[in-house]
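Okay, here's what each chain looks like letter by letter:
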Amino acid sequence: MTRIIAGRAGSLPLAVPAAGTRPTSDRVRESLFAGLESADAIEDARVLDLYAGSGALGLEALSRGAASVDLVEKASSAAAVAERNARRVAAAVGSGDARVHRMSAEAFLRSTSATWDLVFLDPPYDHTDAALTDALAALVPHLGARATVILERSRRSPAPALPEGLQHRRERRYGDTTLWWVSVAS
């Protein structure tokens, strides 16, 4: 079962799409969000969750004090699940803004002028490295000066090729999952 781990919606169960996604495990989310809270990266942040699936990462941030979250999911069935989850978490939190966008990450980034402080990218494992690099390049102009980008990939995936404007901060491995912490280049 996937659930919100902490914050105002803590322990709220989340629906997950029947197929086509692989939700981030509770253990990985607990560790990730402990690091984000330690870095003061969540409170009042504008959050973007690309390839959102159920929306668990972005909604966890909303539960923990983010100001808003945009969940971007191309698959209609997964986007419908994310919409239901977003309504439930927003109701439990009582504030904050959660929006679901049914389109590809690349199309969304081309169509918006918004900026974000915290971004999660958890593309499908079969997403090519070139497509991931393109999405990261399209993301750069939408990042706040102190933005944190969390990229989740299979442990077997190579380190992401970062476009100009981004730099690696650290890498953490959890079983078959690797998280890359990325920031705006200074």
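Coordinates for the structure precede this section.
To start, this report covers the structure provided alongside it. (Residues numbered from 1 in each chain as written. Predicted model: local features only at pLDDT ≥ 70, side-chain atom pairs only at ≥ 80, totals over all residues. Heavy atoms only, no water.)

### What about helix α5 (residues 129–139)?
Those residues of α5 that sit buried are Ala131, Leu132, Ala135, Leu136 and Leu139. Looking down the long axis of α5, one finds its buried residues gathered within 140 degrees of arc, a one-sided arrangement. Exposed residues on α5 whose side chains face more than 90 degrees from its buried face are Ala130 and Asp134. In the core, the buried residues of α5 are packed alongside β3 (46–50), α4 (105–111), β6 (116–121), β7 (143–154) and β8 (166–174). (Buried < 20%, exposed > 50% of the residue type's maximum accessible area, 1.4 Å probe, protein only. Helix = DSSP H or I, 4+ residues; strand = E, 2+ residues; numbered from the N terminus. Arc of directions from axis to C-beta. Contact = heavy atoms within 4.5 Å.)

### Examining the packing of helix α1 (residues 26–38) against helix α2 (residues 56–63)
Closest axis-to-axis distance for the α1/α2 pair is 11 Å, and the angle between their directions is 45 degrees. One finds that α1 runs oblique with respect to α2. Considering the relative orientation of α1 and α2, their crossing is right-handed. Contacts between α1 and α2 involve Arg29, Leu32 and Phe33 on the former and, on the latter, Ala56, Leu57, Glu60 and Ala61. Tallied by class, residues from the contact of α1 with α2 come to five nonpolar, no polar and two charged. (Axes fitted to C-alpha atoms, helices over the stretch in contact; angles between N-to-C directions. Parallel < 35°, antiparallel > 145°, perpendicular 65-115°, else oblique. Left-handed = near helix turned anticlockwise from the far one by under 90°. Nonpolar A, V, L, I, M, F, W, Y, C, P; charged D, E, K, R; others polar.)

### A few points about the pattern of salt bridges
Taken as a whole and judged by the stated rule, the model has twelve salt bridges. Arg29 is the partner of Glu60 in a salt bridge, and the nearest nitrogen-oxygen pair spans 3.3 Å. In this pair, Glu60 sits in helix α2 while Arg29 sits in helix α1, placing the two residues 31 residues apart along the sequence. In terms of burial, Glu60 and Arg29 fall into one category: buried. For Glu171, the salt bridge goes to Arg173, with nearest N and O atoms at 3.0 Å. Glu171 sits in the partly exposed class, given a relative accessible area of 35%. When salt bridges that share partners are traced, they join Arg3, Asp26, Arg29, Glu37, Glu60 and Arg64 into one network. (Salt bridge = Lys/Arg side-chain N within 4 Å of Asp/Glu carboxyl O.)

### Concerning the layout of surface pockets
Of the voids in this model, the largest pocket is the one considered here, and its volume is about 460 Å³. Taken together, 28 residues form the lining of the largest pocket, with Tyr51, Gly53, Glu73, Asp122 and Pro124 sitting closest to its centre. Residue assignment for the lining of the largest pocket shows that the elements contributing at least two residues are α2, α3 (76–93) and α4. In terms of residue class, the lining of the largest pocket is made up of 13 nonpolar, nine polar and six charged. By volume, the second largest pocket amounts to about 220 Å³. Around the second largest pocket, the lining residues are Ala39, Asp40, Ala41, Glu43, Ala45, Asp117, Arg146, Ala147, Thr148 and Arg169. Ranked by residue count, the leading element in the lining of the second largest pocket is β7, at three residues. The residue inventory of the lining of the second largest pocket, partitioned by class, reads four nonpolar, one polar and five charged. (1 Å grid on protein atoms, 1.4 Å probe; cavity = no way out; pocket = protein on both sides within 12 Å on 5 of 7 lines; lining within 4 Å. Points joined across faces, edges and corners; volume = space filled by probe spheres on them.)

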